[in-house]
Amino acid sequence: MVIEIDFNSDEAIYVQLMNQIIMGIATSRLQEGDPLPSVRQLADTVGINMHTVNKAYSLLRQEGFVTIDRRRGTIIAVDVDKIKALEEMKENLLVALAKGCCRNVSRSEVHDLIDEIYDEYEIDN
């Protein structure tokens, strides 16, 4: 998986890193059990501070996307807690949908957009 960091972005580097790993899982480029590069290796490859990578990995662990083992490193291990996932999605969607409503985005346009995104992830649930 190729990690691309936009150093000119207002989004924090650790957030960009987390989002790209989550997108990699969603698009099946990263599979359950796949190892991620070591903190040092990823920091050197991308050209960022090791503490930034460590923060991203720690947050991914807290959110249930990876496990961290001192011997094996960071491994993709998605915690399938659907209720928690739905609560987090609702939190994130509240503001996004409010912004859309303010800009006259219709319910059907939102549904079409969600269908388009789900099609990218090949989700059939």
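In case you missed it, the structure is sitting above this.
To start, this report covers the structure provided alongside it. Keep in mind that this is a model prediction, so the values were computed, not measured. (Residues numbered from 1 in each chain as written. Predicted model: local features only at pLDDT ≥ 70, side-chain atom pairs only at ≥ 80, totals over all residues. Heavy atoms only, no water.)

1. Overview of the nonpolar core
Stage number 1. Within the largest apolar cluster, 19 residues are counted, with the highest numbers of intra-cluster contacts made by Leu17 and Ile21.
Stage number 2. Elements that contribute at least two residues to this core include exactly helix H1 (13–26), helix H2 (39–46) and helix H3 (50–62).
Stage number 3. Among all residues touching isoleucine 21, those that are not within four sequence positions of it are Met1, Ile3, Leu30, Leu36, Tyr57, Leu60 and Ile76. (Core = buried A, V, L, I, M, F, W, Y, C linked by side-chain atoms within 4.5 Å. Buried < 20%, exposed > 50% of the residue type's maximum accessible area, 1.4 Å probe, protein only. Helix = DSSP H or I, 4+ residues; strand = E, 2+ residues; numbered from the N terminus. Contact = heavy atoms within 4.5 Å.)

2. Some points on the pairing of strand S2 (residues 73–76)
Stage number 1. Where strand S1 (residues 66–69) meets S2, four bridges bridge the pair, whose relative direction is antiparallel. For aspartate 69, the partnering residue across the bridge sits in S2 and is glycine 73.
Stage number 2. In sequence, S1 turns back onto S2 through a hairpin of three residues. (Pairing = 2+ DSSP bridges.)

3. Here we look at the environment of valine 39
Stage number 1. Looking at where valine 39 falls in the secondary structure, it is placed in helix H2.
Stage number 2. Along the chain, valine 39 and valine 80 lie 41 residues apart, while their C-alpha atoms are 25 Å from each other.
Stage number 3. Apart from residues no more than four positions distant in its own chain, valine 39 is found in contact with Met50, Val53, Asn54 and Tyr57.

4. Focus on the state of the cysteines
Stage number 1. Taken as a whole and judged by the stated rule, the model has zero disulfides.
Stage number 2. Cysteine 101 provides the cysteine sulfur closest to cysteine 102, a residue in no disulfide bond, and the two sulfurs are 7.0 Å apart. (Disulfide = S-S within 2.5 Å.)

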